[in-house]
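# Analysis of the macromolecular model
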Amino acid sequence: MKYYLGIDIGTSGTKAVCFDELGKVQSSKSYAYDMHVPLPGYAEENPLDWVFATKETIKAITKEGYKISGIGLSGQMHGLVLLDAEDKLLRESIIWCDNRAVEEAEDLRRSFGDERMKNITGNPILPAFTLAKLLWVKKNEPEIYQRIAKIMLPKDYVRYALTGAFVSEYSDASGMQMLDIEKKCFSSEILDYMDLSLQQVPRLMESCEISGYIKSSLAVELGLEETCFIVGGAGDQAAAAIGNGIIKPGDLSIVLGSSGVVFSPIYKEDLKDNTLQVFMHAVPNTYHIMGVTNGCGLSYKWLKETFFSQLEYSELNALAGQAFPLARGLIYLPYLNGERTPHLDPYASGTFIGIRQNTSQADFVRAVLEGVAFSLRDCYELLPKQNYHIRISGGGAKGKLWRTIIASVLKEPVERIVQDEGGALGVAILAMVADHTYSSIQEATQKIISVHDLTLPETLWQEPYENGYELYKNAYQSLKNYYKKAF
């Protein structure tokens, strides 16, 4: 029996999971680290923390006796990692939920225009993407910008530390807003605008190709053979999609992580006919459309840590179950870090509306769950109209109440699969394909993934949630000018 590691370099920590070739979990280890918020709207992490966490989780698994054949890396997207000519970090990473680059996004809009940028990269200009962050460094930290030798994404920095390979793959790189998404290469037009060369950006490859092998200097420390390889891997959303069997058009994934994501594969011929964000999938010759709400699990975590630190999440879920649908008219807008889909508004802020004297703790908890569900529906409404096969995953999907709220708001049943390791399983599958354990991603997902349960909409909740969704949409329209003035 062969064993593979799927390693997910996330926002709050890194998780390594050991799978056998049938996709069964043998061991799982996690290591947490901190996000730094030096100013409102800023979000940074130390890439050395990711490397340390990755090494610690690998060592914890190999000490249990598992001989690892290959490793897949999944990572938080859009983060900016900068190295100098001696491979030293130039600054902390500006990560995905940082919204400081608002003025830089406007600079890009004046230089390119949203339509031109969308034609090149598949997406309108956003301050959350790597390009705007990079322009912020160029304008505000020119002494650092002049010393840049390598530009990387979070998981690719970990890869570089483990293998020495300066490589990325298409799913993650397409979220930098620097790729020509149809030609599958870095855009010379964008690189010229940024005064960058191809030598400063990573070589690109498919997600299921071998990118490199563990450095001999690290093999003994980590308990790995020098023959242990690392595949291209995937951005966190593409990885989670594969881990949920979302690999072809008509499949739909909802991921309840720090951010909330609605994800569906498309083919190249459908690139132009959508209003959602577009990236390349980890499945070769496939793209995907994606709607993102920034404050999904972050909202629930904020609520717990700020007001209910003494409770476990299971107790918080039980408390929410005591409240009625629509929480006595309380509406929550989950815009703790601005909002991406559908507003593209970095100024939007988290908001409770409708607090009364009889509003209870349970109402607040339920309102957060419902507000995130409404924000997911905002994404869902922008999808091409068809019958979707919906699967839900992520930490938030473990709670039946939240799954039922989401199914009721969308008015669609949602599946949950037996394998709940999401991105870690997805990139482990990529490693299995690279190792020829399976001939394709399609074969692997068919043999590994099975359905755990089906959550149906609650009929009695659909009318209040339909009314609540209209209130939710109107609330943002009423407040968006306030947000901009108050930010």
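Now for a quick tour of the structure. One numbering rule holds for all chains: residues counted from 1, following each sequence as written. Only residues with pLDDT of 70 or above have their local features reported here, since the model is predicted, and side-chain atom pairs are shown and tallied only from 80 upward, although totals for entire chains, interfaces and linings are computed over all residues. Water and hydrogen atoms play no part in the side-chain values, which are based on all heavy atoms of the structure.

## As for the packing of helix α1 (residues 47-62) against helix α6 (residues 154-163)
The axes of two packed helices give the description: the angle between them and the distance between them. Between α1 and α6, the shortest axis-to-axis distance is 9 Å and the interhelical angle comes to 60°. On the basis of the axis angle, α1 is oblique to α6. Judged by the twist between their axes, the crossing of α1 over α6 is right-handed. Within the contact between the two elements, α1 uses Pro-47, Leu-48, Trp-50, Val-51, Thr-54 and Ile-58 and α6 uses Pro-154, Tyr-157, Val-158, Ala-161 and Leu-162. Charged means Asp, Glu, Lys or Arg here, nonpolar means Ala, Val, Leu, Ile, Met, Phe, Trp, Tyr, Cys or Pro, and polar covers whatever is left, Gly included. Per-class residue counts for the contact of α1 with α6 are 10 nonpolar, one polar and no charged. Only C-alpha atoms enter the line fits that serve as axes; for helices the fit covers just the stretch in contact. Angles between N-to-C directions range over 0 to 180 degrees. Helix and strand assignments come from DSSP, with helices taken as H or I runs of at least 4 residues and strands as E runs of at least 2, each series counted from the N terminus. Any angle between 65 and 115 degrees counts as roughly perpendicular, while under 35 counts as roughly parallel, over 145 as roughly antiparallel, and the rest as oblique. For any pair of crossing helices, the crossing counts as left-handed if the nearer helix is rotated counterclockwise from the farther one by less than a right angle, and right-handed if it is rotated clockwise. Contact definition: two residues touch when any of their heavy atoms are within 4.5 Å.

## Quick look at the environment of Pro-154
Structurally, the position occupied by Pro-154 is in helix α6. Separated by 104 residues in sequence, Pro-154 and Trp-50 place their C-alpha atoms 8.0 Å apart. Setting aside residues no more than four positions away along its own chain, Pro-154 makes contact with Trp-50, Gln-76, Gly-79 and Val-81.

## Observations regarding the state of the cysteines
Should the sulfur atoms of two cysteines be covalently bonded, the bond is a disulfide. Two cysteine sulfurs form what is called a disulfide whenever their separation falls within 2.5 Å. Applying the stated criterion to the full structure yields zero disulfides. Counting only cysteine sulfurs, Cys-228 is the nearest neighbor of Cys-208, a cysteine outside any disulfide, at a range of 17 Å. For every residue, the accessible area obtained with a 1.4 Å probe (protein chains only) is divided by the maximum for its type, and the residue is called buried under 20%, exposed over 50%, and partly exposed between those limits. Among the residues examined, Cys-208 registers a relative accessible area of 18% and is labelled buried.

## Some details on the nonpolar core
Taken as a class, soluble globular proteins show a tendency for nonpolar side chains to be buried jointly. Remark: nonpolar core denotes a set of buried residues (Ala, Val, Leu, Ile, Met, Phe, Trp, Tyr, Cys) joined through side-chain atoms within 4.5 Å. Core analysis: the biggest nonpolar cluster contains 95 residues, and Leu-134 and Met-178 have the highest contact counts within it. Here the element with the most residues in this core is helix α13 (residues 361-380); it accounts for 11 residues. Discounting residues that sit within four places of it in the chain, Met-178 has contacts with Thr-121, Leu-131, Leu-134, Phe-186, Ser-187, Ile-190, Leu-191, Leu-196 and Val-201. Core analysis: the second largest hydrophobic core is formed by 35 residues, Ala-16, Tyr-33, Ala-43 and Tyr-66 among them.

## So, the packing of helix α11 (residues 297-307) against helix α12 (residues 313-320)
Axis separation between α11 and α12 bottoms out at 11 Å; the angle between their running directions is 95°. In terms of axis orientation, α11 runs roughly perpendicular to α12. Across the interface between the two elements, Tyr-300, Lys-301 and Lys-304 of α11 pack against Tyr-313, Leu-316 and Asn-317 of α12. Residue composition of the contact of α11 with α12, grouped by class: three nonpolar, one polar and two charged.

## Observations concerning unusual backbone geometry
Looking along the chain, the bond that leaves Thr-341 and enters Pro-342 is cis, with omega of 0°. Secondary-structure assignment places Pro-342 in the loop between β20 (331-333) and β21 (351-353). Not every positive phi belongs to a glycine, and Asn-285 is a case in point at roughly 65°. For Asn-285, the location among the structural elements is in the loop between β18 (277-280) and β19 (287-293). A relative accessible area of 64% places Asn-285 in the exposed class.

## Quick look at the pattern of salt bridges
We count a salt bridge whenever a side-chain nitrogen from Lys or Arg sits within 4 Å of a carboxyl oxygen from Asp or Glu. Throughout the structure, instances matching the rule amount to 35 salt bridges. Among the salt bridges present, the one from Asp-453 reaches Arg-403, with a minimum N-O distance of 3.7 Å. Here Asp-453 is found in strand β24 (residues 451-455), whereas its partner Arg-403 is found in helix α14 (residues 400-410), with 50 residues between them in sequence. An identical accessibility class is assigned to Asp-453 and Arg-403; each is buried. In this structure, a network of salt bridges that share partners links the residues Glu-44, Arg-91, Asp-98, Arg-100 and Glu-141.

## Notes on helix α2 (residues 102-111)
Looking only at α2, the buried set comprises Val-102, Glu-104, Ala-105, Asp-107 and Leu-108. At its buried positions, α2 is contacted by α4 (130-140) and α8 (188-193). Gly-113 sits one or two residues past α2 and shows a positive phi near 85°.

## Details of the pairing of β18
Here β18 shows no split at all, with Gln-277 and Phe-279 on one side and Val-278 and Met-280 on the other all buried. In this analysis, strands are considered paired if DSSP registers two or more bridges between them. Of the strand pairs in this sheet, β18 and β19 are connected by four bridges, and their pairing is antiparallel. Counted as the bridge partner of Met-280 is Tyr-287 from β19. Counting the residues that bridge the hairpin from β18 to β19 gives six residues, and of these Asn-285 lies at a positive phi of roughly 65°.

## Observations regarding the side chain of His-281
Within the secondary structure, His-281 sits in the loop between β18 and β19. Residue His-281 is classed as buried on the basis of its relative accessible area of 2%. We call two N or O atoms a polar contact when they sit within 3.5 Å, provided that within protein one can donate a hydrogen and the other can accept it, with sequence-adjacent residues counted only if both atoms are side-chain atoms. At 3.0 Å, the side chain of His-281 and the backbone oxygen of Ile-246 are in polar contact. Excluding its chain neighbours within four sequence positions, the residues that come into contact with His-281 are Ser-171, Ala-238, Ala-241, Ile-242, Ile-246, Ile-247, Phe-263, Pro-265, Thr-286, Tyr-287 and His-288.

## A closer look at the packing of aromatic side chains
Two numbers describe a pair of aromatic rings. These are the distance of the centres and the angle of the planes. Each aromatic pair joins two rings of Phe, Tyr and Trp (for Trp, the six-membered one) with centres within 6.5 Å, and gets the label stacked for planes under 30 degrees apart, edge-to-face for over 60, and tilted for any other angle. Applying the stated rule across the entire model yields 22 aromatic pairs. Here Tyr-160 and Phe-166 contribute two aromatic rings whose centre-to-centre distance is 6.3 Å and whose plane-to-plane angle is 70°, an arrangement assigned as edge-to-face. As far as burial versus exposure is concerned, Tyr-160 and Phe-166 are alike and both buried. Taking the centre distance of 4.8 Å and the plane angle of 35° together, the rings of Tyr-332 and Phe-352 count as tilted. Note that Tyr-332 is positioned in strand β20 and Phe-352 in strand β21, a separation of 20 residues in sequence. In this structure Phe-352 comes out as partly exposed when scored by relative accessible area, which is 23%. An aromatic cluster of three or more residues is present, and its members are Tyr-335, Phe-374, Trp-461, Tyr-465, Tyr-469, Tyr-472, Tyr-476, Tyr-482 and Tyr-483. Definition used: whenever NZ (Lys) or CZ (Arg) falls within 6 Å of the ring centre and also within 35 degrees of the ring normal, the charge is taken to sit over that ring. For Arg-100, the ring lying beneath its charged end belongs to Trp-136, and the centroid distance is 4.6 Å. The ring of Trp-461 carries the charged tip of Arg-366 above its face, separated from the ring centre by 4.6 Å.

## What about the environment of Lys-485?
By secondary structure assignment, the location of Lys-485 is in helix α17 (residues 462-486). Along the primary structure Lys-485 and Glu-115 are separated by 370 residues, whereas in three dimensions their C-alpha atoms are 27 Å apart.

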